[in-house]
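Structure assessment
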Amino acid sequence: MAKFILKRVAISVVSMLLLITVTFFLMHAIPGGPFSPGEQKDLKPEVLEAIRARYGLDLPVTQQYANYMKNLAHGDLGVSMKKTNYTVNELLAGSFPVSAQIGMLAVVMALIIGIPLGIIAALKRGSAADMVSMVLATIGISIPTFVIAMLLMYLFCMKLAWFPTFGWGEAKHFILPVVCLCLAPIANITRLIRSSMLEVVRQDYIRTARAKGLSELMVIGKHAIRNAILPVVTYVGPLVASLMTGSFAIERMFMVPGIGRYFVNSVSDRDYTVIMGVTIFYGAFIMVCTLLVDIAYAWIDPRVRFDS
Amino acid sequence: MSNHLLEVKNLRTHFASGGGIVQAVRGVDIHVDAGEFLGIVGESGCGKSVTMMSIMRLLAENAAVKADSLVFDGRDILSQSEKTMRSIRGNEIGMIFQDPMTSLNPLFTVGNQMMEHLRLHKNMTKEQAKARAIEMLTTVGINEPEKRLKQYPHEMSGGMRQRVMIAIAMCCNPKILIADEPTTALDVTIQAQIMELMEDLKNNFSTAVILITHDLGVIARSCSRVIVMYGGLIMEEGSVEQIFYEPAHPYTEGLLRSVPRHGIEEEDSESQDKGGEAQTVERQREKLIPIPGSPPDLMNPPAGCPFAARCEKAMKICKMAPAQLTEVGEGHRSACWLLHSQAPGKDRER
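Residues numbered from 1 in each chain as written. Chains lettered and ligands numbered in written order. Predicted model: local features only at pLDDT ≥ 70, side-chain atom pairs only at ≥ 80, totals over all residues.

Here we come to the overall build of chain B. When helices and strands are counted, chain B shows 12 helices and 13 strands. Relative to the 2.2 N^0.38 estimate, which gives 20 Å for 350 residues, the radius of gyration of chain B is 22 Å and therefore close to what a compact globule would have. Dimensions of chain B, computed from the C-alpha atoms along their principal axes, are close to 65 × 60 × 40 Å. Among the 350 residues that make up chain B, the fraction classed as buried is 44%. (Helix = DSSP H or I, 4+ residues; strand = E, 2+ residues; numbered from the N terminus. Rg over C-alpha atoms; globule rule 2.2 N^0.38 Å. Buried ≥ 20, exposed ≤ 12 C-beta atoms within 10 Å, placed from the backbone.)

A count of helices and strands for chain A gives 14 helices and 0 strands. Listing each helix as α and each strand as β along chain A from the N terminus yields α-α-α-α-α-α-α-α-α-α-α-α-α-α. Summarising its shape, the C-alpha atoms of chain A cover approximately 85 × 60 × 30 Å along the three principal directions. The contacts of chain A with a sequence gap of at least 6 include a subset with a gap of at least 24, amounting to 72%. (Contact = placed C-beta atoms within 7 Å.)

Right, let's get into the pairing of strand 12 (residues 326–329) of chain B. All names here are of chain B. Sheet topology note: the strand 12/strand 13 (residues 332–334) ladder contains 3 bridges and is antiparallel. Following the sheet pairing, Glu327 is matched in strand 13 by Arg333. Turn length for the strand 12-strand 13 hairpin, with the two strands adjacent in sequence and antiparallel, is 2 residues, and the turn residue Gly331 shows positive phi of about 70°. (Pairing = 2+ DSSP bridges.)

Further remarks concern the interface of chain A and chain B. With 18 residues of chain A in contact, the opposing surface of chain B contributes 23 residues. Secondary-structure elements contributing two or more residues to the side of chain A that touches chain B are helix 8 (204–211), helix 9 (216–228) and helix 14 (302–306) of chain A. No other element matches helix 8 of chain A, which puts 6 residues into the side of chain A that touches chain B. Split into classes, the residues belonging to the side of chain A that touches chain B amount to 5 nonpolar, 6 polar and 7 charged. (Nonpolar A, V, L, I, M, F, W, Y, C, P; charged D, E, K, R; others polar.)

This brings us to the domain arrangement of chain A. The assigned domain composition of chain A is domain 1 (31–76) and domain 2 (88–306). When each unit is reduced to the centre of its C-alpha atoms, the spacing between domain 1 of chain A and domain 2 of chain A is 39 Å. (Domains from an automatic or database assignment.)

Another aspect to go through is the nonpolar core. One recurring pattern in soluble globular proteins is that nonpolar side chains are buried together. With 98 residues, the main nonpolar core has Ala167 and Ile210 of chain B as its most contacted residues. Counting residues per element, this core draws most heavily on helix 7 (residues 158–170) of chain B, at 8 residues. Sequence-distant contacts of Ile210 of chain B, that is, excluding residues within four places in its chain, are made with Val32, Leu38, Ile40, Met52, Ile176, Ile178 and Ala179 of chain B. Ranked by size, the runner-up nonpolar core spans 42 residues in total, among them Val178, Val200, Ala228 and Met244 of chain A. (Core = buried A, V, L, I, M, F, W, Y, C linked by C-beta atoms within 7 Å.)

Here the focus is the domain arrangement of chain B. Splitting chain B by domain gives domain 1 (6–223) and domain 2 (296–348). Taking only C-alpha atoms, the centre of domain 1 of chain B and the centre of domain 2 of chain B are 32 Å apart.

Of all the bends found along helix 7 (residues 171–200) of chain A, the most pronounced is centred on Cys182 of chain A and spans about 35°, while Pro185 of chain A, a proline, follows it within four residues. Counting buried residues in helix 7 of chain A gives 21 out of 30 residues, a clear majority hidden from the surface. (Bend = angle between axes of the 7 residues up to and from the residue.)

So, on to the sheet that holds strand 7 (residues 93–96) of chain B. All names here are of chain B. Reading across the sheet, the 8 strands line up as 7-8-9-3-10-11-13-12 and stay open at both edges, with mixed pairing between neighbours. One side of each edge strand has no neighbouring strand; the edge strands of this open sheet are strand 7 and strand 12. Shown here is a sheet whose adjacent strand axes are inclined to one another by a mean of 20°, direction ignored. In the packing of helix 1 (residues 48–56) onto the sheet, contacts are made with strand 3 (37–41), strand 7, strand 8 (176–180), strand 9 (208–213) and strand 10 (225–230), and the angle to strand 9 comes to roughly 145°. (Axes fitted to C-alpha atoms, helices over the stretch in contact; angles between N-to-C directions.)

This part is about the packing of helix 7 of chain A against helix 10 (residues 230–244) of chain A. Residue and element names in this part refer to chain A. Between helix 7 and helix 10, whose axes approach to 10 Å, the crossing angle comes to 170°. It follows from the interaxial angle that helix 7 and helix 10 lie roughly antiparallel. Across from Leu181, Pro185, Asn188, Ile189, Leu192, Ile193 and Ser196 in helix 7, the residues of helix 10 making contact are Pro231, Val232, Tyr235, Leu239 and Leu243. Here the contact of helix 7 with helix 10 is composed, by residue class, of 10 nonpolar, 2 polar and no charged. (Parallel < 35°, antiparallel > 145°, perpendicular 65-115°, else oblique.)

Of all the 10 residues making up helix 2 (residues 45–54) of chain A, 0 are buried; the element is thus mostly uncovered. Gly56 of chain A occupies a position one or two residues after helix 2 of chain A and carries a positive phi of about 75°.

Now for the pairing of strand 2 (residues 20–32) of chain B. All names here are of chain B. Direction of pairing for strand 1 (residues 6–17) relative to strand 2: antiparallel, over a ladder of 10 bridges. The residue bridging Glu7 from the neighbouring strand is His31, located in strand 2. Linking strand 1 back to strand 2 in an antiparallel pair, the connection comprises 2 residues.

Residues and elements named next belong to chain B. We note that Asn10 has phi near 50°; this positive angle belongs to a residue other than glycine. Non-glycine residue Asn123 carries a positive phi angle of around 50°. Given 9 C-beta atoms within 10 Å, Asn123 falls into the exposed group.

A separate point is the packing of helix 4 (residues 88–123) of chain A against helix 5 (residues 128–142) of chain A. All names here are of chain A. Running from amino to carboxyl end, helix 4 crosses helix 5 at an angle of 135°, the nearest separation of the two axes being 8 Å. In terms of their interaxial angle, helix 4 and helix 5 are classed as oblique. Handedness of the crossing formed by helix 4 with helix 5: left-handed. Taken together, the residues of helix 5 that come into contact with helix 4 (itself represented by Leu117, Ile120 and Ala121) are Ala129, Asp130, Ser133 and Met134. By residue class, the composition of the contact of helix 4 with helix 5 is 5 nonpolar, 1 polar and 1 charged. (Left-handed = near helix turned anticlockwise from the far one by under 90°.)

All names here are of chain A. The residue Arg305 is located in helix 14 in this model. Judged by C-beta crowding, with 13 C-beta atoms within 10 Å, Arg305 ranks as partly exposed. In this structure, the C-alpha to C-alpha distance between Arg305 and His223, residues 82 residues apart in sequence, is 19 Å.

The next thing to look at is the environment of Val278 of chain A. All names here are of chain A. Position of Val278 among the secondary structure elements: in helix 13 (residues 272–300). For Val278, a count of 28 C-beta atoms within 10 Å gives the class buried. Considering only alpha carbons, one finds Val278 and Thr245, 33 residues apart in sequence, at a separation of 9.3 Å. What Val278 contacts, discounting residues up to four positions off in sequence, is Tyr262, Phe263 and Ser266.

With that settled, consider the confidence of the model for chain B. Residues and elements named next belong to chain B. On average, chain B scores 86 in pLDDT, and the residues at 70 or more come to 90%. Low pLDDT, under 50, characterises residues 263–283; the stretch is placed with 10 contacts to residues that sit more than four places away or in other chains. Model confidence for the complex is summarised by a pTM of 0.81, with the ipTM given as 0.84. (pLDDT = per-residue confidence, 0-100.)

Residue and element names in this part refer to chain A. Mapping Phe163 onto the fold places it in the loop between helix 6 (145–159) and helix 7. The class of Phe163 is buried, set by 21 C-beta atoms lying within 10 Å. C-alpha of Phe163 to C-alpha of Leu123: the two residues are 40 residues apart in sequence and 37 Å apart in space. Residue contacts for Phe163: discarding those within four places in its chain leaves Phe156, Cys157, Lys172, Ile175 and Leu176.

Following this line, the structure appears as structure tokens:
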């Protein structure tokens, strides 16, 4: 197991280096930059030149890359080029916990609701419960979250006035963003569990379990669920990464001060250091989540443990 | 009424499927006595497995099981509560299945899967169940049982897994062991070992065994009594000797003609060694004669004998009504119109 984890960490490090390098050079390959004349019309060319030199942007790209990597090795992501007086580390440290909070809540909600719903749908296949959950799942997948967000805002904030439309800090501010974020994952998890459960209950070992005289609770709760949950485990890794690192649309609409906005704003602002910082952060986060999923997988399925 | 351990009368099992009703079992009588080794033989889809699953009440919800009587150990199976059925399954009737590679849950250790129903049925503590599991693994011929208990199914070979399945089925000391094609998925040497093991267990535990198979070789080797099924009906029933030496149904005859006899093959290979090709060609090999055609569609079962369409001796009556099981010897019954008193060629009668 330790060997397996070590190997995975080594692979992750290589992937990270690749990710950083490719992003860095692609970013610089796009015409323009944070302090190009087109961006800053009110500044004189000489001033722009001075600013560019201040940020080291006048150096050859390879030199810039070397400098960036040197700083990165010390854990320094640099200073934001557009948000003055902020380092990228500060931006991430300030916004990530906010996104992580609602993201984690959404993941937990999705699992708590999605798994039982999928199991019930599979066991009562063809029943009304199955139909209803499948219709809901299809709706959950097909309607974009920002549409749902607007509908919920209209209903709960405008008509019923149960929740504030925006703001941050109290429980009432959490609810609608979390609901919006967890709907699509609930739908996905329900469908995943349903189809894998339908597959599992047909397996020979389920027949064996029944032939041993086990109760239906044991047959489903012990023998079937553990097998049926595997696809969900695979799905949850990237899900955790994407939800915890924030959603641009949802955070924008509910004015959540999370990390999501930097994904989009940094690119349109040509804020090189923030682009890099967010990319590295997200990449590392996904890799950690995937590693955790693989460990969880090996923990659930002994067959994985022994494959070299 | 009777003192059979298991008595089934006129069992009918139908499945509702998308295209209509499949009449998988269409009136089958079976009885099993304590300690008996009964073989049920027939080709795929003849209803032999469904019969067993009906007895265990393990079929899916789309199955309807009816019987004039279905009595196990003095209890009417069809009227028992699901709870009572659970206390019978795995406890009083053990069952093993065709494919040992898929019959064990891959995510739980062998020990876990052996002990869970011991603890359930016999109220054993974990330690007692473990001791019993180790004892059973030793009985079925698995070395280092303590170590094996901690292993997962994928760490074992097919033969070993089938041994584990047998140990699971036998560890509550059932009165009947139902073995549904236990050797089909195994290679020949392992098959022989597993059959040997089942015979030993039958002798040591005085458990009745119902062996379902399409392999006549396996039947000949182990069983005392044989039931031949076809198209959801019993075609012939008798002792192993009666079935193999005096088959009274054209289907049984056809089955016997379609299996190789090992003795003759061996002679052949000897002659090859000595005399070269010419001699071998001259030498009359026993031909395997397949039964032409395919089994009947049980969604629209034929009105007459299900085998009539493939039977070379079929008469007009065969396609019109099914033949009743007729006594042809002691404990030997066959459902064939040729045995009727008005049938032509009654001189073939014994």
